[in-house]
Amino acid sequence: MRDVLEELMTRWHAGEEIGVGTVVATFRSAPRPPGASMLVTQEGAAVGSVSGGCVEGAVYELAESVVASGAPVLERYGVSDDDAFAVGLTCGGILDVYVEKISRETFPELGDIAADIAEGRPVALATVIEHPDPTWLGKRLVIRPESHDNEGTLGSTRADGAVHDDAMGLLASGTNATLTYGPDGERRGEGMRVFVWAFAPKPRMLVFGAIDFAAAVAKVGAFLGYQVTVCDARPVFATHSRFPDAHEVVVDWPHRYLLAEQEAGRIDQRTVVTVLTHDPKFDVPLLEVALRLPEVAYVGAMGSRRTHEDRVTRLLEVGLSKEELARLSSPIGLDLGARTPEETAISIAAEIIAGRWGGTGERLVSTEGRIHGELDHLP
């Protein structure tokens, strides 16, 4: 929903009724992850995508029908269709799409949720997408970590409590998911499916070293959706004019800044750390901190193989274990034959993406099987 939220809010504020289709579960090589949404406006415009083009037409027609009836629908699309000529995913995937009507009347809480997202405050939205009792279908629960009181209800106190606990975990990882419970929120059993949007703040990319390579890495990181911070102890180099794509430029000793951010709770398991200084007085104390952080998703350091060997020796001397050193990606990036700062930034981004989704970094033409790993399992 985040990709279409600005357009959705414009329509919502104008009092329109909008059909919204959202991917809530995927299987095999579905091209869009859970949470991807498509809007169908009152004048018939389509905004966003649920499948990259494979089933957009069918979802469009269903959205028009849902707006007219007011009743939400959960529909499955893919190769499991009986008719080989019916709507299906040409890439061989299967996805569940939940289609609902959204307006100021049907979803009055949306304004506050959008404000939370805009301000970077974590908020989760849980929606009943399947239930044996049709009166539960479409009920919503809004969960905010800083509040002890939820907004709305899914249908019972027991269900609200179970989903609240699970949604807090999804918020911590920034993951959207469809959860299955018994009809009254029982942990064991099935019958109720709840989709949870976890609108966590953007993941962070910390770029240490105010060099020309850092400017390219910051640009690519911002493009990928990271909240990018560039940090360097040298004020003459760490300036906003040199890093226009960074959200924040900090003048501080790198290891001191990273430790302060960790102590303030601003580092999590989605954070990626890139160390581009290749200067021992900066990167050794920085990596000593970074490689001992349990939360971060990635730590990479730039430098030649000779620089890497010297760095490893110094890190062993300050007490890092071989297990801690195994977390370090150095030399940084995938082997793309990169030469320029921009090419090197793509190499670094490719390694981060591969680590996030379990990719091998090999050419797809040389591999077999699924292109995309499974993001979610259907029940």
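In this text the structure is predicted, and so the values were computed from the model without any measurement. (Residues numbered from 1 in each chain as written. Predicted model: local features only at pLDDT ≥ 70, side-chain atom pairs only at ≥ 80, totals over all residues. Heavy atoms only, no water.)

What the protein contains, in helices and strands, is 10 helices and 16 strands. Computed over C-alpha atoms, the radius of gyration of the protein comes to 23 Å, within 12% of the 21 Å expected from 2.2 N^0.38 for 379 residues, which places it in the range of a compact globule. Across its three principal directions, the C-alpha atoms of the protein cover 65 × 50 × 45 Å. Buried residues in the protein amount to 47% of all 379 residues. Here the analysis covers contacts within the protein between residues at least 6 apart in sequence; of these, 60% occur between residues at least 24 apart. Averaging the coordinates of the 35 positive side-chain charges in the protein and doing the same for the 56 negative ones gives two points 6 Å apart. (Helix = DSSP H or I, 4+ residues; strand = E, 2+ residues; numbered from the N terminus. Rg over C-alpha atoms; globule rule 2.2 N^0.38 Å. Buried < 20%, exposed > 50% of the residue type's maximum accessible area, 1.4 Å probe, protein only. Contact = heavy atoms within 4.5 Å. Lys, Arg positive; Asp, Glu negative; His and termini not counted. Charge placed at Lys NZ, Arg CZ, Asp CG, Glu CD.)

Scanning all chains against the criterion turns up 22 salt bridges. A salt bridge links Arg 11 to Glu 43, with the shortest nitrogen-to-oxygen separation between them at 2.6 Å. Of this pair, Arg 11 sits in helix α1 (residues 5-13) while Glu 43 sits in the loop between β2 (37-40) and β3 (46-48), placing them 32 residues apart in sequence. Note on Glu 43: relative accessible area 53%, which makes it exposed. One salt bridge in this structure joins Arg 140 and Glu 100, with 2.9 Å as the shortest N-O distance. Of this pair, Arg 140 sits in strand β7 (residues 140-143) while Glu 100 sits in strand β5 (residues 94-102); the two residues are 40 residues apart in sequence, bridging distant segments of the chain. Accessibility expressed as a relative area gives 12% for Arg 140, which makes it buried. (Salt bridge = Lys/Arg side-chain N within 4 Å of Asp/Glu carboxyl O.)

On to the sheet that holds strand β1 (residues 18-27), then. Taken in spatial order, the five strands line up as β3-β2-β1-β5-β4 in an open sheet, and their pairing is antiparallel. Looking at which strands have only one partner, the edges of the open sheet turn out to be β3 and β4 (73-78). The average angle at which neighbouring strand axes cross in this sheet is 25°, direction not considered. Here β1 runs beside β2; their pairing, made up of four bridges, is antiparallel. Within the sheet, the bridge partner assigned to Gly 21 lies in β2 and is Met 38. Across the sheet, α1 lies against β1, β2, β3 and β5, angled at about 150° from β1, the strand it touches most. Against the sheet, helix α2 (residues 56-69) touches β1, β2, β3, β4 and β5, its axis set at about 30° to β5. (Pairing = 2+ DSSP bridges. Axes fitted to C-alpha atoms, helices over the stretch in contact; angles between N-to-C directions.)

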